[in-house]
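Coordinates in review
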Amino acid sequence: MKILDSQGRLFGKVSLLDIGAALVIFLVVVGIFFFPGTSGAQIGVTTKPVEIDVIVRGLSVRDPQQLFEQGLKPGGKTNIIIRNQPYGQVGVKAVKQLPRTTLVPQPDGSVKVLPDPRENQYIMDMVVTLEGNAQITKNGPVIGNSKLKIGIPAQLEGFNYDFTGGVIALRFPEK
C-alpha cells in the first residue's frame, strides 16, 4: 500500500496542501488566543499619579468669579489637550489667581515690583494645579500619547472656558 498516490494525496484521500493549510490556520488561531503578545503596550512602564501646574498669563476675562464658579474650580474636572493631542479629563486640584503687578522705576535707578493700581483691566494671571495619572517611561512622564514636560503648552477646556497655558511644574505625590 502506498502512502502517497500519483496526485499527492495521502492514502489516496487527503491532499498534502489541505493538511498544510489546516496546520497554518490552527497555528494562527493558537497564536492569537494563547499568545496575544503586548501589542500597543510598553513593557516596564508604570503608572503614577501626577500633579501638573499650568500657568496662564494675560487671560482676558471680565468676571473671574464667574469663571471659577461655573467652570474652573477645585474638585472639578477639565479637558486637557497637550501638543494638540486631546487626552480627556483630569481633576482640578487648585486654582490660584496671581496678583497683577507693574514695574515702577525708583529715583535711584532701581526697579520695584508693585501691585498694579489700574482697575478694570479684564486681564488675569493664574496657576491651575491639575491631577491625573501618567505613565512613567525612560524618557519621562507620558499622559495620553504625549510626553509631559515643563514648558510645553497645555490647553484647558471646560463649560465656559478654553485657553492655553504652559506647564511650569510636575510632581509625583505618593498616595
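A quick note: this is a predicted structure, and the numbers were derived from the prediction, not measured.

1. What to know about the UniProt feature "transmembrane region" (unreviewed entry) in the chain
When the UniProt feature table is mapped onto this chain numbering, "transmembrane region" (unreviewed entry) sits at residues 16-35. Secondary structure across residues 16-35 comprises 95% helix and 0% strand; the distance between its end C-alpha atoms is 27 Å.

2. Overview of unusual backbone geometry
One non-glycine residue, Arg83, lies in positive phi territory at about 50°. Not every positive phi belongs to a glycine, and Asn84 is a case in point at roughly 60°. Within the secondary structure layout, Asn84 lies in the loop between β4 (77-82) and β5 (85-98). You can call Asn84 exposed: its relative accessible area is 67%.

3. With respect to the pattern of salt bridges
With the rule as written, the count across this model stands at 5 salt bridges. Residues Asp125 and Arg100 are paired through a salt bridge, measuring 3.2 Å at the closest nitrogen-oxygen approach. Of the two residues, Asp125 is situated in strand β8 (residues 123-137) and Arg100 in the loop between β5 and β6 (101-105); the sequence distance between them amounts to 25 residues. Relative accessible area serves as the criterion here: at 7%, Asp125 is assigned to the buried category. By relative accessible area, Arg100 is classed as partly exposed at 28%. Among the charged side chains, a network of salt bridges with common partners joins Glu51, Asp53, Lys93 and Arg171.

4. Re the nonpolar core
Counting residues in hydrophobic clusters, the biggest one holds 26 residues, and the most contacted among them are Ile52, Met126, Leu130 and Phe163. Only β3 (46-60), α2 (64-70), β4, β5, β8, β11 (153-157) and β12 (162-171) provide two or more residues apiece to this core.

5. A look at the pairing of β6
Bridging between β6 and strand β7 (residues 111-115) involves 5 bridges; their strand directions are antiparallel. Its bridge partner lying in β7, Leu103 is registered against Val113. Linking β6 back to β7 in an antiparallel pair, the connection comprises 5 residues, with Gly109 at a positive phi of about 95°.

6. Digging into the side chain of Glu51
When you line up the elements, Glu51 lands in strand β3. Residue classification places Glu51 among the buried residues on the basis of a relative accessible area of 9%. If we ignore the near neighbours within four places in the chain, the residues touching Glu51 are Lys93, Thr129, Leu130, Glu131, Ala169, Leu170, Arg171 and Pro173.

7. A short note on the environment of Leu156
Take Leu156: it is sitting in strand β11. Of the residues examined, Leu156 reaches a relative accessible area of 0% and is grouped as buried. Linking Leu156 and Pro86, residues 70 residues apart in sequence, is a C-alpha distance of 10.0 Å. Filtering out sequence-adjacent residues up to four positions away, Leu156 remains in contact with Thr78, Asn79, Ile80, Val128, Leu130, Tyr161, Asp162 and Phe163.

The rules behind the values
Residues numbered from 1 in each chain as written. Predicted model: local features only at pLDDT ≥ 70, side-chain atom pairs only at ≥ 80, totals over all residues. Heavy atoms only, no water. UniProt positions renumbered as here; feature names shortened; annotations may be inferred. Helix = DSSP H or I, 4+ residues; strand = E, 2+ residues; numbered from the N terminus. Buried < 20%, exposed > 50% of the residue type's maximum accessible area, 1.4 Å probe, protein only. Salt bridge = Lys/Arg side-chain N within 4 Å of Asp/Glu carboxyl O. Core = buried A, V, L, I, M, F, W, Y, C linked by side-chain atoms within 4.5 Å. Pairing = 2+ DSSP bridges. Contact = heavy atoms within 4.5 Å.

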